[in-house]
Amino acid sequence: MAKLKQPDVRAMVLACAIIVAAAGCATAEPTVAVVAEPGVAFSLPVGKTASINGNGTKITFKQVKADSRCPTDVTCVWEGDAEIEITVSRPGSPDDTKVLSLHTPNVITSGDLQIRFVGLTPVPRQADGNAPRAYVAQLLANRI
């Protein structure tokens with residue numbers, strides 16, 4: 001009866017490390033979550049990308065930079081504000097990262113598009129404290 005050889009543990013660990021490192025180095029295009037029509041408001045979850053139909057422009061909702069909106073379960077003197085960071089990618093142009101506010105500036109121009117920040121959900125609630133939120137931005141892209 002033949003004796004089975006034990007695998008070389010060091011070689012297996014090295015092979016796994018190489019595979020993990022190679023996978024970590026791969027660059028992937030952002031996954032398009034939404035195909036948006038110019039002139040029609042659309043919702044874009046944080047971390048997702050929308051493709052604007054007709055010109056190859058992509059808008060990625062990177063993060064919420066600030067959210068000082070008045071919680072729905074509180075009476076406030078001022079409604080507050082929210083700021084988001086988006087990246088606009090256009091074919092043949094470098095990516096353009098911008099911060100938009102619900103107040104000012106809530107519109108940017110990139111190439112032949114005007115992009116407006118219309119809203120942000122969910123609206124905070126004091127009862128939720130600092131719990132993480134699954135933000136969704138409402139945006140509108142118009143051709144100019």
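Residues numbered from 1 in each chain as written. Predicted model: local features only at pLDDT ≥ 70, side-chain atom pairs only at ≥ 80, totals over all residues. Heavy atoms only, no water.

1. Brief notes about the overall build of the protein
Put simply, the rule is: Numbering goes from the N terminus for both helices and strands, where a helix is a DSSP run of H or I of at least four residues and a strand is a run of E of at least two. Remark: exposure states derive from per-residue accessible area (1.4 Å probe, protein chains only) relative to the maximum for the residue type, with buried under 20%, exposed over 50%, and partly exposed in between. Note on definitions: a residue-residue contact is assigned when non-hydrogen atoms from the two residues lie within 4.5 Å. Accessible surface is estimated by sampling points in the Shrake-Rupley manner with a 1.4 Å probe; for residues, cover comes only from the protein chains shown.
Counting its secondary structure elements, the protein contains 1 helix and 9 strands. Reading the secondary structure of the protein in the N-to-C direction produces α-β-β-β-β-β-β-β-β-β. With 144 residues in all, the protein has 28% of them scored as buried. Within the protein, residue pairs in contact and separated by at least 24 positions form 42% of the contacts whose partners lie at least 6 positions apart. Of the roughly 9300 Å² of accessible surface on the protein, 57% is carried by carbon and sulfur atoms.

2. Remarks on the sheet that holds strand β9 (residues 136–143)
Selection rule: In short, DSSP must find at least two bridges between two strands for them to pair. Helix axes are fitted to C-alpha atoms over the stretch in contact, other axes to C-alpha atoms as well, and angles between N-to-C directions run from 0 to 180 degrees.
One open sheet accounts for 4 strands, arranged β2-β9-β8-β7; its pairing is antiparallel. Lying at the two open borders of the sheet, with one neighbouring strand each, are β2 (42–45) and β7 (107–110). Mean inter-strand twist for the sheet, computed between neighbouring axes without regard to direction, equals 35 degrees. The sheet contact formed by strand β8 (residues 113–121) and β9 spans 8 bridges and is antiparallel. Each bridged residue has a counterpart across the sheet, and for Leu-120 the counterpart in β9 is Ala-137.

3. Let's talk about unusual backbone geometry
Geometrically, the link from Thr-104 to Pro-105 is a cis peptide bond, its omega value of -5 degrees lying close to zero. In this structure, Pro-105 sits in the loop between β6 (96–101) and β7. The omega torsion of the bond from Thr-121 to Pro-122 falls at -5 degrees, within 30 degrees of zero and hence cis. Examined against the element boundaries, Pro-122 turns out to sit in the loop between β8 and β9.

4. Considerations on the pairing of β7
Only one face of β7 is covered, namely the face carrying Ile-108 and Ser-110; the face carrying Val-107 and Thr-109 is uncovered. Note that β7 and β8 share 4 bridges and pair antiparallel. Bridging across to β8, Thr-109 finds its partner in Gln-114. Taking the residues that link successive antiparallel strands as the turn, the β7-β8 hairpin has 2 residues, and the phi of Gly-111 there is positive, at about 60 degrees.

5. Considering the environment of Val-99
In this structure, Val-99 sits in strand β6. Between the C-alpha atoms of Val-99 and Ile-86, which are 13 residues apart in sequence, the distance is 6.4 Å.

6. Regarding the confidence of the model for the protein
For residues with low pLDDT, the predicted coordinates do not support detailed interpretation. Condition: pLDDT measures the predictor's confidence residue by residue and takes values from 0 up to 100.
Per-chain confidence: the protein averages 83 in pLDDT, with 78% of residues scoring 70 or above. A low-confidence stretch, residues 11–27 stays under pLDDT 50, and its non-local contacts, those more than four residues away or across chains, total 1 contact.

7. Points about the environment of Thr-72
Following the sequence through the fold, Thr-72 ends up in the loop between β4 (58–67) and β5 (82–89). Take Thr-72: its relative accessible area is 54%, and that puts it in the exposed class. Excluding residues within four positions of it along the chain, Thr-72 makes contact with Val-123, Pro-124 and Arg-125.

8. Here's the deal with the nonpolar core
Convention followed: Grouping buried Ala, Val, Leu, Ile, Met, Phe, Trp, Tyr and Cys residues that are joined through side-chain atoms within 4.5 Å yields what is termed a nonpolar core.
Counting 22 residues, the largest nonpolar core has Phe-42 and Ile-84 as its most contacted members. Among the elements of the structure, β1 (32–36), β2, β3 (49–52), β4, β5, β8 and β9 are those that each provide at least two residues to this core.

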